[in-house]
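# Structure assessment
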Amino acid sequence: MSDEISESSVEDLSNRALNSFENAKNLEELETVRVAFLGRKGEVTQILRSIASLPQEIRPRIGKRINDLKIELSALYEKKAEELQSEREGEGGFLLDPTLPGRSGFEGGLHVLHLVLKEIKEIFYGMGYSLAEGPDVELDYYNFEALNFPPDHPSRDLQDTFYLTKDILLRTQTSPVQVRYMEKHKPPLRIIAPGRVYRNETPDPSHSAEFLQMEGLYVDKNVSLADLRSDVSHFVKSYFGDDASVRFRPHYFPFTEPSAEVDMTCFACKGKGCSICQKTGWIEIMGAGMVHPSVFKYAGYDPDEYTGFAFGMGIDRIAMLKYGIDDIRRFLTNDIRFLRQFWGFSS
Ligand SMILES: [Zn+2]
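Fair warning: this is a prediction, and the values are worked out from it, not measured in the lab.

What counts and how
- Residues numbered from 1 in each chain as written.
- Predicted model: local features only at pLDDT ≥ 70, side-chain atom pairs only at ≥ 80, totals over all residues.
- Heavy atoms only, no water.
- Donors = N, O, S within 2.8 Å, 3.2 Å for Na, K, Ca; no water.
- Tetrahedral: all angles 85-135°; square planar, octahedral: opposite > 155°, others 65-115°.
- Buried < 20%, exposed > 50% of the residue type's maximum accessible area, 1.4 Å probe, protein only.
- Pairing = 2+ DSSP bridges.
- Helix = DSSP H or I, 4+ residues; strand = E, 2+ residues; numbered from the N terminus.
- Contact = heavy atoms within 4.5 Å.
- Axes fitted to C-alpha atoms, helices over the stretch in contact; angles between N-to-C directions.
- Expected span 1.5 Å × (residues − 1).
- Core = buried A, V, L, I, M, F, W, Y, C linked by side-chain atoms within 4.5 Å.
- Phe/Tyr/Trp six-rings, centres within 6.5 Å; stacked < 30°, edge-to-face > 60°.
- Lys NZ or Arg CZ within 6 Å of the ring centre and 35° of its normal.

### Quick look at the coordination of the zinc ion
Taken together, Cys 266 (SG), Cys 269 (SG), Cys 274 (SG) and Cys 277 (SG) make up the full set of protein donors to the zinc ion, lying 2.2 to 2.3 Å away. Every donor counted, the four donor atoms about the zinc ion form angles of 104 to 114 degrees at the centre, which fits tetrahedral coordination. Sequence spacing of the donors to the zinc ion: C-x2-C-x4-C-x2-C. Take Cys 266 and Cys 269: they sit in the same class, and that class is buried.

Right, here's the structure in full:
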């Protein structure tokens with residue numbers, strides 16, 4: 001090949017190459033041109049490789065000429081590629097080929113917790129409750145103080161609460177929404193307040209560092225424990241079935257007096273006693289009670305004029321009971337095989 005190389009053949013190559021790059025009409029043509037001249041076996045590359053074997057008298061001039069040509073062609077290629085690319089994007093994008101079949105659809109669904117919460121909310125809306133919300137990042141005042149938690153109450157401990165500063169924390173319960181709502185509204189009021197809550201707990205099958213809770217609050221003149229029992233009972237029958245009944249066990253919460261833990265008939269054994277209910281026939285589903293007069297005072301209500309009840313339930317726990325889920329951590333691991341079991345359960 002070396003004997004065919006002359007200054008005029010290089011000039012000829014230069015003209016052909018520059019023309020070809022200049023006239024490429026699209027990116028595919030440009031690539032073909034690039035391979036033909038600058039590719040591993042391209043004409044320019046071949047000559048560059050054979051320079052060493054050229055006669056001494058023409059080697060320096062041909063060498064410089066062909067090196068300059070390579071630089072010139074490379075720059076022209078870059079410029080041309082950019083032009084053709086933006087031209088193509090202007091026409092609707094590099095990857096768009098309307099003749100290709102579409103991607104097969106992946107239909108999603110509601111997360112089981114939101115499904116459960118949605119159904120629960122519907123039941124309470126039907127009883128005249130409306131929705132209230134509050135912040136996840138909460139003041140100690142609303143999370144504890146205004147809910148009548150004594151300063152030395154164990155749940156204020158760092159062991160249980162994620163404190164951001166001395167006075168700001170991640171809410172450990174949805175109850176602070178009660179106080180925030182009462183500060184801004186006069187009775188009668190009847191609200192539910194669902195939301196995420198946070199506890200400094202080591203996760204295990206029945207504990208999670210974050211979970212969903214839903215608070216309920218009803219305040220008016222002459223609200224009684226019988227009203228609480230009636231609403232809770234209606235909810236349990238609506239959600240778990242007519243044969244589910246409730247019982248109240250005396251308990252202690254700082255913000256209600258009297259307070260109770262609420263059990264419902266075990267859905268698995270219908271009250272006969274089984275391993276799920278630890279042979280008692282009952283399953284705990286929420287805490288409840290009559291709003292403590294001190295909480296009314298913090299909210300600016302006169303406890304002699306108004307009474308009310310409050311309840312709080314763990315949505316994760318309700319979902320676990322409803323669907324027989326054995327590990328609370330499954331709600332947060334985003335395992336699509338777990339989540340898709342519940343899709344289509346709701347309209
Ligand atoms: Zn049972």
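What follows continues from the structure just given.
### Brief notes about the sheet that holds strand β9 (residues 307-314)
Taken together, the seven strands give an open sheet; going across it, the order is β1-β4-β5-β9-β8-β7-β6, and neighbouring strands pair in mixed fashion. The strands lining the two open edges of the sheet, one partner per strand, are β1 (130-131) and β6 (246-253). As paired elements, strand β5 (residues 210-220) and β9 share eight bridges and run antiparallel to each other. Bridged to Asp 220 within β9 is Thr 307. Packed on one face of the sheet, helix α8 (residues 225-240) meets β4 (189-198), β6, β7 (256-265), β8 (282-291) and β9 and runs near 125 degrees to β6.

### Things to note about the pairing of β8
Within β8, eight of the 10 residues are buried, which leaves it mostly tucked inside the rest of the structure. When β7 meets β8, the two strands line up antiparallel, connected through eight bridges. Its bridge partner lying in β8, Thr 265 is registered against Trp 282. Pairing of β8 with β9 involves four bridges; the strand directions are antiparallel. The partner of Gly 287 across the bridge, within β9, is Gly 312.

### Topic: helix α4 (residues 59-90)
Taking 1.5 Å of rise per residue, 32 residues should cover 46 Å, and α4 covers 46 Å from first to last C-alpha, within 8% of that figure. Taken together, the buried positions of α4 are occupied by Ile 62, Gly 63, Ile 66, Leu 69, Leu 73, Leu 76, Tyr 77, Lys 80, Ala 81 and Leu 84. Buried-residue contacts for α4 involve α1 (7-23), α2 (27-38) and α3 (43-50).

### What about the nonpolar core?
Judged by nonpolar contacts, the single largest core of 48 residues is most densely connected at Phe 124, Phe 235 and Phe 311. Mapped by element, the contributors of at least two residues to this core are α5 (112-126), β5, α8, β7, β8, β9, α10 (315-323) and α11 (336-339). Residue contacts for Phe 235: discarding those within four places in its chain leaves Ile 120, Ile 123, Phe 124, Met 127, Met 286 and Met 313.

### Description of the packing of aromatic side chains
With the rule as written, the count across this model stands at 20 aromatic pairs. Centre to centre, the rings of Tyr 301 and Tyr 306 are 5.9 Å apart; their planes meet at 55 degrees, and the pair counts as tilted. When sorted by exposure, Tyr 301 lands in the same class as Tyr 306, which is buried. Through a chain of ring-to-ring contacts, the aromatic side chains of Phe 124, Tyr 129, Tyr 218, Phe 235, Tyr 239, Phe 240, Phe 309 and Phe 311 assemble into a single cluster. Arg 180 extends its terminal NZ or CZ atom over the ring of Tyr 142, reaching a point 4.2 Å from the ring centre. When the ring centre of Tyr 129 is taken as reference, the NZ or CZ atom of Arg 190 above it lies at 5.3 Å.

### Digging into the environment of Glu 7
Positionally, Glu 7 belongs in helix α1. Looking at Glu 7, the relative accessible area reads 39%, which means it is partly exposed. Along the primary structure Glu 7 and Ile 66 are separated by 59 residues, whereas in three dimensions their C-alpha atoms are 9.8 Å apart. If near-sequence neighbours (up to four positions away) are discounted, Glu 7 is found in contact with Arg 61 and Ile 62.

Function cannot be read off these values alone, since they describe shape.
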